[in-house]
Amino acid sequence: VGHCHPDIVKAAHEQNQLLNTNSRYLHDNLVDYAERLSKTLPEKLCIFYFLNSGSEANDLALRLARQYTGHEDVIVLDHAYHGHLTSLIDISPYKFRNLEGQKEWVHVAPVPDTYRGLYREDHENSVTAYADEVKNIIEHAHKRGRKIAAFFAESLPSVGGQIIPPAGYFQKVAEHVHKAGGVFIADEIQVGFGRVGKHFWAFQLQGEDFIPDIVTMGKPIGNGHPLACVATTKEIAEAFAATGVEYFNTFGGNPVSCAVGLAVLDVIEKEHLQAHATEVGNFLMKTLKEQQIKHPIIGDVRGCGLFIGVDLIKDQAE
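Every chain is numbered on its own, with residues counted from 1 as its sequence reads. Side-chain atom pairs in this predicted model are given and counted only at pLDDT of 80 or more, local residue features only at pLDDT of at least 70, and totals for whole chains, interfaces and linings cover all residues. For side-chain calculations, the full set of non-hydrogen atoms in the structure is used, while hydrogens and water are omitted.

**Thoughts on the overall build of the chain**
Inference 1: Labels follow the DSSP assignment, with helices taken as runs of H or I lasting at least four residues and strands as runs of E lasting at least two, numbered in each case from the N terminus. Within the chain, the regular secondary structure consists of 10 helices and nine strands.
Inference 2: Throughout, radius of gyration means the C-alpha value; the globule benchmark is 2.2 Å times the number of residues raised to the power 0.38. Taking 2.2 N^0.38 as the reference for a compact globule, 318 residues should give roughly 20 Å; the C-alpha atoms of the chain span a radius of gyration of 20 Å, in line with that estimate.
Inference 3: In what follows, a contact means two residues having at least one pair of non-hydrogen atoms within 4.5 Å. Considering only contacts within the chain whose residues lie at least 6 apart along the sequence, 72% involve residues at least 24 apart.
Inference 4: A total of about 15,500 Å² of accessible surface is found on the chain, and carbon and sulfur atoms cover 51% of it.
Inference 5: Of the charged side chains in the chain, 29 are positive and 40 negative, and the gap between their average positions amounts to 3 Å. Areas reported as accessible are Shrake-Rupley estimates using a 1.4 Å probe. Residue values count occlusion only from the protein chains shown. Charged residues are defined narrowly, with Lys and Arg counted positive, Asp and Glu counted negative, and His plus the chain ends left uncounted. Charge placement uses NZ in Lys and CZ in Arg. For Asp and Glu, CG and CD serve respectively.

Quick look at the structure:
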């Protein structure tokens, strides 16, 4: 919502003057904030864990998935980046290819890129073709005696090239993953909170019939203040709690962080920032497409709201 937004600064300052304590102590801000966030999400995503960073959120999502399913393996998209913890470097092809390489429990699916990818715009059914790649990975893993805990993907792959997955892709992937006993994790750390304009969450671009099992949030959630969140279902949370090892995070969900989080939601609403993202994004896309006509170096312009990618190329045909 902008650097040093006065409403955010004020909320943090005022709460700092009253109380900031670790989250073993009950505080209304935590409940109020969880309630406000829940109104932006589908009903079944009703349990919230608060943390300090997107990396912490993705690491917890991984733990939740493994505890709930009893499985270990994870399917990720090529070029993905999910955070800087060891567990997340392991599921980030963008990183692990330059480090120790791919672990045996990690499976990499092609990015559903209809411009440069395996199946392009001229393909008769790129949605099914890309989803079948995931299905094949699952079948191959099962033959090796491995079991899938989760399909882990950004709702819009960002590091992977500002990709807009074709509508319906996530539904088909979720079908294959659920059938294999796994869960679908949507990483909204870079793309959530109204950035796509027409929806509050980027996964909603896939259609109303798609709901992830776990959603992770970071970056914009606190407007620069260290705050992150994992939202999930009662079933997954109960399986996690059943271990008897309670989840605890010293500063995740502390009163100041939650005051900041509430202020961010207020500003997004009050200043109509979703509509603003749509308007500015449409203007930028229109202007970029005008440039595309003039300049053969621009191969593709794609995006939604303020998530936009421009592909610069050497050869139109190739």
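**Considering the pairing of strand E9 (residues 307-312)**
Inference 1: A pair of strands is labelled paired if DSSP reports no fewer than 2 bridges between them. Bridge count for strand E8 (residues 298-304) against E9 is six bridges, and the pairing is antiparallel. Looking at E9, one finds that Arg 302 is bridged to Gly 309.

**As for empty space enclosed by the protein**
Inference 1: The method works on a 1 Å grid over the protein atoms by themselves. A cavity is a set of points holding a 1.4 Å probe that cannot get out, a pocket is an open set with protein on both sides within 12 Å along at least five of seven lines, and residues with an atom within 4 Å of a point line them. Grid points are joined across faces, edges and corners, and a volume is the space filled by probe spheres set on the points. Overall, the coordinates contain one cavity of 30 Å³ or more when judged by the stated rule.
Inference 2: By volume, the largest cavity is sized at about 50 Å³.
Inference 3: Lining the largest cavity we find Leu 77, Asp 78, Ala 80, His 82, Val 111, Ala 153, Glu 154, Pro 157, Ser 158 and Gly 160.
Inference 4: Partitioning the lining of the largest cavity into residue classes produces five nonpolar, three polar and two charged. Polar here means any residue outside two lists: the nonpolar Ala, Val, Leu, Ile, Met, Phe, Trp, Tyr, Cys and Pro, and the charged Asp, Glu, Lys and Arg; Gly therefore counts as polar.

**A short note on the layout of surface pockets**
Inference 1: If you add up the space inside the largest pocket, you get close to 410 Å³.
Inference 2: Lining of the largest pocket is provided by 17 residues; of these, Val 1, Gly 2, Pro 220, Asn 223 and Leu 273 occupy positions nearest its centre.
Inference 3: Put simply, the parts of the chain that give the lining of the largest pocket at least two residues each are helix H9 (255-270) and helix H10 (273-294).
Inference 4: By residue class, the composition of the lining of the largest pocket is nine nonpolar, seven polar and one charged.
Inference 5: Each of two domains, domain 1 (6-271) and domain 2 (276-312), supplies a minimum of three residues to the lining of the largest pocket.
Inference 6: A volume near 320 Å³ is recorded for the second largest pocket.
Inference 7: As for the second largest pocket, its lining consists of 15 residues, of which Ser 23, Leu 30, Phe 48, Tyr 49 and Phe 50 are closest to the centre.
Inference 8: Elements with a contribution of two residues or more to the lining of the second largest pocket: helix H2 (28-38) and strand E1 (47-51).
Inference 9: Of the residues assigned to the lining of the second largest pocket, the class counts are 10 nonpolar, three polar and two charged. An automatic or database domain assignment supplies the residue ranges for each domain.

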